[in-house]
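Secondary and tertiary structure notes
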Amino acid sequence: RWACGSQPLSAPAARPLPLLGWREWVSLPALALERIKAKVDTGARTSCLHAFRVRGFRRAGDLWVRFGMHPDQGSSKRIVECEARVIDRRAVTDSGGHTQNRYVIESEIVAGEYAWMAEITLTNRDTMRFRMLIGRTALNGRFLVDPARSYLAGGSSPETEQAKAADR
């Protein structure tokens, strides 16, 4: 028997996907980036990471990219130097309608107990509130997003605990 013509009534319930809030603490271990505040942005297709002094170079015949990253939100004091293999270059249109050709890398993203691989574009986000956006392609089939809550994956800090208390 079918309910609404889509699922058999006798089908077992699907395992629920874990929840993320609209912002989460994440790390990118391959880039030596720990504790970046990321916006979980279902309106963005691709994920992106703040990068400056972006320079492509060759290593063993492959295209790589070297870039600086300011991991602390609202500050450019601390710099982490990163390197990653380039998997693509793409034209990406931002929310303001501006198109930019960006390097695309692949990296593991870790949020609390969850870890997954995602494609990430590199762009200067110095003027943006978040150093990283996690787009819907990286979320699809892995997570549900609760836009009214924050820091559901974990990563404790006074700010996180304050935001969790405000979400309750």
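I will try to describe carefully the structure that is included in this document. (Residues numbered from 1 in each chain as written. Predicted model: local features only at pLDDT ≥ 70, side-chain atom pairs only at ≥ 80, totals over all residues. Heavy atoms only, no water.)

**Some details on the overall build of the chain**
Definition in use: Here a helix means four or more residues in a row that DSSP labels H or I, a strand means two or more in a row labelled E, and each is numbered from the N terminus. Type-normalised accessible area, obtained with a 1.4 Å probe on protein chains alone, sets the label of each residue: buried when under 20%, exposed when over 50%, and partly exposed for intermediate values. Two residues form a contact once any of their heavy atoms are found within 4.5 Å. For the accessible areas, the method is Shrake-Rupley and the probe is 1.4 Å, while residue cover comes only from the protein chains on display.
Counting secondary structure elements, the chain contains two helices and 13 strands. Put simply, the chain has 168 residues, and 39% of those count as buried. Long-range pairs, those at least 24 residues apart, make up 52% of the contacts in the chain with a sequence separation of at least 6. Total accessible area on the chain stands at roughly 9800 Å², and carbon and sulfur atoms take up 49% of it.

**Some remarks on the nonpolar core**
Keep this limit in mind: Here the nonpolar core consists of buried residues drawn from Ala, Val, Leu, Ile, Met, Phe, Trp, Tyr and Cys, with membership extended through side-chain atoms lying within 4.5 Å.
Core analysis: the largest hydrophobic core is formed by 31 residues, its most contacted members being Val26, Leu31, Leu33, Leu49, Phe67, Met132 and Ile134. Among the elements of the structure, β4 (23-28), β5 (33-41), β8 (62-69), β9 (80-93), β10 (99-111), β11 (114-123), β12 (132-135) and α1 (136-139) are those that each provide at least two residues to this core.

**Brief notes about the pattern of salt bridges**
Spelled out, the test is: The term salt bridge refers to a side-chain nitrogen of Lys or Arg lying within 4 Å of a carboxyl oxygen of Asp or Glu.
All chains considered together, the criterion is met by seven salt bridges. Residues glutamate 83 and arginine 66 are paired through a salt bridge, measuring 2.8 Å at the closest nitrogen-oxygen approach. Of this pair, glutamate 83 sits in strand β9 while arginine 66 sits in strand β8; the two residues are 17 residues apart in sequence, bridging distant segments of the chain. Arginine 66 gets classed as partly exposed once you look at its relative accessible area, which sits at 37%. Residue arginine 90 pairs with glutamate 119 through a salt bridge whose shortest N-O separation is 2.7 Å. Placement of arginine 90 in strand β9 and of glutamate 119 in strand β11 is noted, with a sequence separation of 29 residues between them.

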